[in-house]
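# Structural description and commentary
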Amino acid sequence: MRPEMQDQAHVLEALPAYALGCLDPAEARQVARHVAGCYVCRTELSTYQTVVAHLLPVPDLAPPAELKGRLMDRVRGVSLVAAAVPLTAARQPPRRRAFSPWAMASLAVIVMLAAASLFVWLPFSRPQAVTAPEGMRAILLQNAPAAPRASGFVIISADGQNGVLVVDALPQLEATQQYQVWLDRDGESIRSAAFMVDATGYRGVRLEAPQALLAYAAIRVTIEPVEAGGDTIGDQVLHGSLHNP
Amino acid sequence: VGWDDLPPQALAAHDLEDHAEQALLGERLRAALADLPPDQQQALALAYLHGYTQVQIAELLRQPLGTIKTRIRTAMQKLRQKLLAEQPFSDPSARAAGAYRKEENE
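Each value, and the rule that gives it
- Residues numbered from 1 in each chain as written.
- Chains lettered and ligands numbered in written order.
- Predicted model: local features only at pLDDT ≥ 70, side-chain atom pairs only at ≥ 80, totals over all residues.
- Heavy atoms only, no water.
- Helix = DSSP H or I, 4+ residues; strand = E, 2+ residues; numbered from the N terminus.
- Buried < 20%, exposed > 50% of the residue type's maximum accessible area, 1.4 Å probe, protein only.
- Core = buried A, V, L, I, M, F, W, Y, C linked by side-chain atoms within 4.5 Å.
- Contact = heavy atoms within 4.5 Å.
- Pairing = 2+ DSSP bridges.
- Phe/Tyr/Trp six-rings, centres within 6.5 Å; stacked < 30°, edge-to-face > 60°.
- Lys NZ or Arg CZ within 6 Å of the ring centre and 35° of its normal.
- pLDDT = per-residue confidence, 0-100.

## So, unusual backbone geometry
Its identity is not glycine, yet Asp-186 of chain A carries a phi of approximately 50°, on the positive side. For Asp-186 of chain A, the location among the structural elements is in the loop between strand S6 (177-185) and strand S7 (188-195). Not every positive phi belongs to a glycine, and Arg-62 of chain B is a case in point at roughly 55°. Within the element layout of this structure, Arg-62 of chain B appears in the loop between helix H3 (54-61) and helix H4 (65-86). Here Arg-62 of chain B falls in the exposed class, since its relative accessible area comes to 65%.

## Focus: the nonpolar core
If you look at the biggest cluster of nonpolar residues, it comprises 38 residues, and the most contacted ones within it are Leu-15 and Leu-20 of chain A together with Leu-44, Ile-72, Met-76 and Leu-79 of chain B. Secondary-structure elements contributing two or more residues to this core are helix H2 (15-20), helix H3 (25-36) and helix H4 (39-55) of chain A together with helix H1 (16-34), helix H2 (38-49), H3 and H4 of chain B. Among the elements that line this core, the one with the most residues is H4 of chain A, at seven residues. Beyond its immediate chain neighbours, meaning those up to four positions away, Leu-15 of chain A contacts Val-31, Val-35, Cys-41, Glu-44, Leu-45 and Tyr-48 of chain A. Counting residues in hydrophobic clusters, the runner-up holds 25 residues, among them Leu-183, Ala-193, Val-197 and Val-205 of chain A.

## Quick look at the environment of Ala-158 of chain A
Relative to the helices and strands, Ala-158 of chain A is located in the loop between strand S4 (151-156) and strand S5 (163-168). In sequence terms Ala-158 of chain A and Met-136 of chain A are 22 residues apart; their C-alpha atoms lie 4.4 Å from each other.

## Concerning the pairing of S4 of chain A
Residues and elements named next belong to chain A. Counting buried residues along S4, six of its six residues qualify, which places the element largely inside the surrounding structure. Burial along S4 is two-sided: the residues Ser-151, Phe-153 and Ile-155 and Gly-152, Val-154 and Ile-156 are all buried. Two elements, strand S2 (residues 137-140) and S4, share four bridges in a ladder whose sense is antiparallel. Within S4, the residue paired with Leu-140 across the bridge is Phe-153. With six bridges joining them, S4 and S5 adopt antiparallel strand pairing. Across the sheet, residue Phe-153 finds its bridge partner in S5, namely Val-166. The hairpin formed by S4 and S5 contains six residues between the paired strands, and Gly-160 there has a positive phi angle of roughly 75°.

## Let's talk about the packing of aromatic side chains
For the structure shown, the criterion picks out one aromatic pair over all chains. Geometrically, the ring pair formed by Tyr-179 of chain A and Phe-195 of chain A is stacked, given 5.4 Å between the ring centres and 20° between the ring planes. A residue pair is termed long-range when its members are at least 10 positions apart, and Tyr-179 of chain A in strand S6 and Phe-195 of chain A in strand S7 qualify at 16 residues. Its relative accessible area of 0% is what places Tyr-179 of chain A among the buried residues. Positioned above the aromatic ring of Tyr-216 of chain A is the side chain of Arg-185 of chain A, whose terminal nitrogen or guanidinium carbon lies 5.3 Å from the ring centre. In this structure, Arg-80 of chain B packs its charged tip against the face of Tyr-48 of chain A, placed 5.1 Å from the ring centre.

## Regarding the confidence of the model for chain B
Residue and element names in this part refer to chain B. Overall, the prediction assigns chain B a mean pLDDT of 75, with 61% of residues at 70 or greater. When mean pLDDT is taken per element in chain B, H3 scores highest with 92 and helix H5 (residues 92-105) scores lowest with 54. Note on residues 9-14: pLDDT under 50 across the span, and 14 contacts to partners over four residues away in sequence or across chains. Across the interface, the model reports ipTM at 0.73; the global pTM reads 0.42.

## What about the environment of Phe-153 of chain A?
Among the structural elements, Phe-153 of chain A can be located in strand S4. Residues Phe-153 of chain A and Leu-238 of chain A lie 85 residues apart in sequence; the distance between their C-alpha atoms is 9.3 Å.

## Details of the sheet that holds S6 of chain A
Taken in spatial order, the five strands of this open sheet run S3-S10-S9-S6-S7 (chain A), and their pairing is antiparallel. Here the strands that pair on one side only, and so sit at the sheet edges, are strand S3 (142-143) and S7 of chain A.

Have a look at this one:
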């Protein structure tokens, strides 16, 4: 073995997890550095990446980092509204009769892309969108003292059935904790989603509920133990009303 | 979201022929996925569908980190074998293996 290769051991065993994106950040950086200069591992990695690309045809909900930054900047620049605001959609969402998980995931992506386009291109002088034929709604959330820098919004489809939550600058949690999304109605709360955030506190997550999202009065995001029971409600970090104005 | 909830075909291709080829490959990989042991499917789902790291998965499932790493690595290796079996003439790992053997011999 050549001396330079002894100094740079292959990372073959870490490549499957790296391709899946489930390495810890430090280890992922180490693998990335090695792969950048190693033909063997780079080629091996490409086969695992091909596997991953075919495992899940659902596109990633997270937009590119640059787009995400601009999007969240726009969100912070928009004055908070207390209730749903109709959105101008840049693209026509496909209409599907059945709300299969695939349909919901696709719709969430389309809704998010449309919202991203809107927030990116709308000038600050026109922060509030005009009514759109699609009738999609963007609901900006208020942060709580537990997360003073956090921001977030919910995009809801035209029929009020489906939606996606996008958050940013949420605090990092301990491994035993997670963020929990609650939907409130008639004094009861149901769990809609649970998620972790990335190193910047960002995450996009599809909201799930037994009924249309607009059937619920409010949405809240709290910090919960990973193995909490159904009625545990911890510190609140974001909240907002889902009712139409 | 679980593996059974996924759509039947991939949608990443840009033209019809490529779409069909990619969809077929996706279906076969998904079939191979369904043949994995449940614990390996679960680890993959938590990693890819839910975005957890290996460390977080180990804590969620209360399993040793090494066990989770092995499950994910083994599952991915099986799927990769399926991929290479489906695309034997475009196997980049064969070239990599050749390069690796060359390194070992030098």
